[in-house]
Amino acid sequence: MIDSHTHIDFKEFNDDREKVIKRFFENGGEKMINVGCDLRSSIRSCELAKNNENIFASVGIHPHDADTVDKNSLKKLEELSKHYKVIAVGEIGLDYFRNLSSQERQIEAFRLQLELADNHNMPLIIHCRDAYNDLLDILKSYQTDSWHGVIHCFAASQKIAEEFLDLGFYIGFTGIITYYKDRSKLGNKPEIYRVIENMPLDKILIETDCPYLSPVPRRGERNEPLFVRYVAEKIAHIRNTSLEEIEKATSENAIKLFNI
Ligand SMILES: [Zn+2]
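Residues numbered from 1 in each chain as written. Predicted model: local features only at pLDDT ≥ 70, side-chain atom pairs only at ≥ 80, totals over all residues.

Asks: Outline the overall build of the protein chain, supporting the account with residue identities and numerical values.
Replies: From N to C terminus, the protein chain includes nine helices and eight strands. Computed over the C-alpha atoms, the radius of gyration of the protein chain is 17 Å, within 12% of the 18 Å expected from 2.2 N^0.38 for a compact globule of 260 residues. Within the protein chain, counting contacts between residues at least 6 apart in sequence, those at least 24 apart form 69% of the total. (Helix = DSSP H or I, 4+ residues; strand = E, 2+ residues; numbered from the N terminus. Rg over C-alpha atoms; globule rule 2.2 N^0.38 Å. Contact = placed C-beta atoms within 7 Å.)

Here is the structure:
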């Protein structure tokens, strides 16, 4: 299993970080990608990656902190991105749900970091909430046939999933897919189930986004990388296939996308 989106540098893990990491790697975990969301967490992600063979880092500034994207922070991200354990730029993107930075600043920060990824030929880890149309417009405005990256924590329609697939993106699923209400006996499946059923197997990634978004049956607890198994199980269940097939495919996909 590869957890393609963790934040184990966060303070929620200050008391038992090493134990959490060990638990993952001793119970079927192969690799994890610790994702930066501001300058400080990007630096911490790099430290974790340097000290652990199977942890990799991404560096980037989240749309919530778009106001901090400037010449200096970009230069620092650029320096960090040169380390061989830094394998992606992210999480970057747009978040119109919370709008902690203005939409104009978010768009500007996103574009600047897209250029950083492009200059270093690195994949993207994209965060998007309530902003899919603007995000797609921005991505389509560049002269490229195919992007490489992942739309993390996907929670939109089949139509939007298809647009990202057409652009060359992978789609990442978190624990939120485990707590949509399934009323399939009433012929009323959540839209995300249809997205998962129709997704090409070679485009799916699994992730926890820990310490957030704990999957069923761990709702209410702190999330951790080991729980990525529940996401894989749910995908296997929805697609009517084995856990082994989903674990194998999602590991191969992460290894290919991030070259790890
Ligand atoms: Zn995240």
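Still to come is the rest of the account.
Asks: Can you break down the environment of Asn240 residue by residue, with the values?
Replies: Tracing the backbone through its elements, the reader meets Asn240 in the loop between helix 8 (228-239) and helix 9 (243-258). As a C-alpha pair, Asn240 and Phe13 span 227 residues in sequence and 35 Å in three-dimensional space.

Asks: I'd like a rundown of the environment of Glu224, residues and numbers included.
Replies: Tracing the chain through its elements places Glu224 in the loop between strand 8 (204-206) and helix 8. The spatial distance from the C-alpha of Glu224 to the C-alpha of Phe24 is 8.3 Å, given a sequence separation of 200 residues. For Glu224, the contacting residues outside a window of four places in its chain are Val20, Thr208 and Cys210.

Asks: Describe helix 5 (residues 132-140), with residues and values.
Replies: Within helix 5, the full set of buried residues consists of Tyr132, Leu135 and Leu139. The buried residues of helix 5 all sit within an arc of 65 degrees when viewed along its axis, so they share a single face. Along helix 5, the residues that are exposed and aim more than 90 degrees away from the buried face are Asn133, Asp137 and Lys140. On its buried side, helix 5 packs onto strand 4 (86-95), strand 5 (124-129) and helix 6 (158-167). (Buried ≥ 20, exposed ≤ 12 C-beta atoms within 10 Å, placed from the backbone. Arc of directions from axis to C-beta.)

Asks: Give a detailed account of the sheet that holds strand 5, specifying residues and quantitative values.
Replies: Read from one edge of the open sheet, eight strands run 1-2-3-4-5-6-7-8, paired in parallel fashion. The open sheet has two free edges, formed respectively by strand 1 (2-6) and strand 8, since each of these has just one partner strand. Averaged over all neighbouring strand pairs, the angle between strand axes comes to 30 degrees, with direction disregarded. Judged from the four bridges that link them, strand 2 (residues 31-35) and strand 3 (residues 55-59) form a sheet pairing that is parallel. Residue pairing in the sheet places Asn34 in a bridge with Ala57 of strand 3. Those strands touched by helix 8 are strand 1, strand 7 (170-173) and strand 8, and its axis lies near 145 degrees from that of strand 8. (Pairing = 2+ DSSP bridges. Axes fitted to C-alpha atoms, helices over the stretch in contact; angles between N-to-C directions.)

Asks: Tell me about the packing of helix 2 (residues 39-51) against helix 3 (residues 71-80), residues and numbers included.
Replies: Contact geometry for helix 2 and helix 3: axes closest at 11 Å, N-to-C directions at 10 degrees. One way to sum up the angle between helix 2 and helix 3 is to call them roughly parallel. On helix 3, the residues that touch Leu39, Ser42, Ile43 and Cys46 of helix 2 are Ser73, Lys76, Leu77 and Leu80. Here the contact of helix 2 with helix 3 is built from residues that sort into five nonpolar, two polar and one charged. (Parallel < 35°, antiparallel > 145°, perpendicular 65-115°, else oblique. Nonpolar A, V, L, I, M, F, W, Y, C, P; charged D, E, K, R; others polar.)

Asks: Please set out the pairing of strand 4 residue by residue, giving values where relevant.
Replies: Among the ten residues in strand 4, ten count as buried, and that is most of the element. Sheet topology note: the strand 3/strand 4 ladder contains three bridges and is parallel. For Val59, the partnering residue across the bridge sits in strand 4 and is Val89. In the classification by handedness, the crossover that spans strand 4, the intervening helix 4 (residues 103-119) and the parallel strand 5 is right-handed. (Right-handed = clockwise from strand over helix to strand, strands pointing away.)

Asks: Outline unusual backbone geometry, supporting the account with residue identities and numerical values.
Replies: Of note, the bond from Cys210 into Pro211 is cis; its omega dihedral lies within 30 degrees of zero at 15 degrees. The topology assignment puts Pro211 in the loop between strand 8 and helix 8. Cis geometry marks the peptide bond from Val216 to Pro217; its omega dihedral reads 10 degrees. With respect to the element layout, Pro217 can be found in the loop between strand 8 and helix 8. Residues other than glycine seldom take positive phi values, yet Asn99 does so here, at roughly 45 degrees. Note that Asn99 resides in the loop between strand 4 and helix 4.

Asks: Lay out the environment of Asp137 in plain terms, naming residues and giving numbers.
Replies: In this fold, Asp137 is placed in helix 5. Remark: the alpha-carbon pair of Asp137 and Ser41, spanning 96 residues in sequence, is separated by 29 Å.

All quantities given are derived from atomic positions and should not be read as evidence of function.
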